[in-house]
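The lines below spell out each chain.
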Amino acid sequence: MILRKDVVMAEEEKLAAERLTVANKQLEDLSGFPLENPNPVLRVDRSGAIMFANAACAILDLKCQPGQFLPARYRKIVAEVLDKGSPQVIEAAGKGRIFTLNFVPVTTAGYVNIYGSDITAWKKAEEALRENQQDLNRAQAVAQTGSWRLDVQRDELLWSDETYRMFGIPKETPMTYETFLSCVHPDDRENVDRAWQAALQGEDYDIEHRIMVGDAVKWVRERAEVEFDKRGMLKGGFGKVQDITELKKIDEMKDEFIGLVSHELRTPLALIIGSLRSAMSAGISTEDMSELLQNAAEGAESLVAILENMLELSRFQADRLNLHTETVSIPDVTYNVIQKLKVQGVSQRFLADLPADLPQVKADPTRVGRILYNLLENAAKYSPQESEIKVSAGEEGGFVIIEVIDQGIGISLDDQKRLFEQFQQLMLQQSGRGVGLGLVVCKRLVEAQGGWIKVESEVGKGSTFSFALPIH
């Protein structure tokens, strides 16, 4: 029994010795830790004097020899953390690298340990992520397409910068589905909510609707995919939203253009068809037939003018308005247009007040003729029979300014603001008659040749249309 007890004691002593050896080794490793640490480790007293600095401190932009003082901004932090008894972390640069410096106070001993961590790789990754995010934001802004992600369980809606801009909401505003729905136009809100609820059941979410941005109305198209977990429970959704307001405007313009063309063509076509059918009636006299054929010819001339205006506008829209510029005599073009209108049966009297020494302009003669034809025909349309339509011209500031003055019904100020708008089928308030393509074409052709066009008018007192072309 005594022998057995000695053996046990020997084993215990051996085990205790081994534990002591391990502990001593751990203490040795711990004591060497600051020296072997690849990151900076310092100890400084309250005054900011360095008590200890390992070799890694050499990569900092600091003097790291014992007895030397830290820069003033670091000494201030040392005093603050000792007074408060809580650590403080800052960023610092050194020899092309970026570190965090953790100031840890040891208040009982009156010094501060400073531990550095190299975060260069992390900062580069953060910068790359920020640049990628900026590129994404720019790309979305160019495409007018934003994105969003919805977390159903958290009721959290995350928007991209472009989505915030599109909806006119300050960035970083907390968003929820209910907040989004409040931005939807009241007349579309129910349809949008119905479509989203259907998407939560697995149906496609692809919808166009209006949103309210202040007092303005925008059109957007939204598409989304919903996400489910392994149990089939709804997690959320990811989608994109595109501003299609301009797409919508183009569609409206097309509809207006079709309506305008239909309106423009209807009158001359009706005149041509009606005149020809009457001319073919049995027993019609030669005189009546001649008059009817003349009416049909006038309708055909009007139809040709409308088609030419349509072609000019189409060329302008397609950026294929090729101008054949040369020196042009305004009097020559004016007299040719007046003669053409007289042949077509215009009853008004034309007066041309054009100086003999009027400079020539640099322009496309065909397009100048089109401008004058549209203005004179328009003046005749809204002037009394046998009234006078005057064409005058003069030189001013490097331009020849041509005026077409009529004694017609005049144009209200509200109508004047919209006369030259594209695809604007304007019904003049005081006559109920429509203004079609002609004035729009005039504006495009004048401006394409470096000039301008305007109107001055008073209801009941006639109108003056002026346009300018550069002198050759």
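Structure shown above.
Residues numbered from 1 in each chain as written. Predicted model: local features only at pLDDT ≥ 70, side-chain atom pairs only at ≥ 80, totals over all residues. Heavy atoms only, no water.

Kindly report on the overall build of the protein chain, identifying the contributing residues and their values.
Counting its regular elements, the protein chain contains twelve helices and 19 strands. Taking all 472 residues of the protein chain together, the buried fraction comes to 39%. Accessible surface computed for the protein chain: about 27,300 Å², of which carbon and sulfur atoms make up 53%. (Helix = DSSP H or I, 4+ residues; strand = E, 2+ residues; numbered from the N terminus. Buried < 20%, exposed > 50% of the residue type's maximum accessible area, 1.4 Å probe, protein only. Areas by Shrake-Rupley, 256 points an atom, 1.4 Å probe, with all protein chains shown as cover.)

Outline the packing of helix 9 (residues 330-343) against helix 10 (residues 365-381), supporting the account with residue identities and numerical values.
Two numbers describe how helix 9 lies on helix 10: the axes approach to 9 Å, and their chain directions differ by 50°. In terms of axis orientation, helix 9 runs oblique to helix 10. Seen along the crossing, helix 9 lies across helix 10 with a hand that is right-handed. Between helix 9 and helix 10, the contacting residues are Ile-330, Val-333, Thr-334, Val-337, Ile-338, Lys-340 and Leu-341 on the first element and Val-368, Gly-369, Leu-372, Tyr-373, Leu-376 and Glu-377 on the second. (Axes fitted to C-alpha atoms, helices over the stretch in contact; angles between N-to-C directions. Parallel < 35°, antiparallel > 145°, perpendicular 65-115°, else oblique. Left-handed = near helix turned anticlockwise from the far one by under 90°. Contact = heavy atoms within 4.5 Å.)

Provide a residue-level description of the sheet that holds strand 18 (residues 452-457), including the pertinent values.
What holds strands together in a sheet is hydrogen bonding between their backbones, with the strands either parallel or antiparallel. Strand order across the open sheet formed by five strands is 12-14-15-19-18, with mixed pairing between neighbours. One side of each edge strand has no neighbouring strand; the edge strands of this open sheet are strand 12 (349-353) and strand 18. The sheet shows a mean angle of 15° between the axes of neighbouring strands, direction not considered. When strand 14 (residues 388-396) meets strand 15 (residues 399-405), the two strands line up antiparallel, connected through seven bridges. In the sheet register, Gly-394 faces strand 15, and the bridge partner there is Ile-401. (Pairing = 2+ DSSP bridges.)

For the packing of helix 10 against helix 12 (residues 437-448), give the residues involved together with the corresponding values.
Viewed as axis vectors pointing N to C, helix 10 and helix 12 meet at an angle of 150°, and their least axial separation amounts to 9 Å. Classified by the angle their axes make, helix 10 and helix 12 are roughly antiparallel. Judged by the twist between their axes, the crossing of helix 10 over helix 12 is left-handed. In this structure, helix 10 uses Arg-367, Arg-370, Ile-371, Asn-374, Leu-375 and Asn-378 to contact helix 12, whose residues at the interface are Gly-438, Leu-439, Val-441, Cys-442, Leu-445 and Val-446. For the contact of helix 10 with helix 12, the residue count by class is seven nonpolar, three polar and two charged. (Nonpolar A, V, L, I, M, F, W, Y, C, P; charged D, E, K, R; others polar.)

If you had to explain the pairing of strand 19 (residues 463-470) to someone new, which residues and values would you point to?
Counted residue by residue, strand 19 has seven buried out of eight residues, so it is predominantly covered. As defined by bridge partners, strand 15 adjoins strand 19 across seven bridges and the pair is classed as antiparallel. Each bridged residue has a counterpart across the sheet, and for Ile-401 the counterpart in strand 19 is Ala-468. Pairing analysis gives six bridges linking strand 18 to strand 19, with the strands arranged antiparallel. When the bridges of strand 19 are listed, Trp-452 appears paired with Ala-468. Counting the residues that bridge the hairpin from strand 18 to strand 19 gives five residues, and of these Gly-460 lies at a positive phi of roughly 85°.

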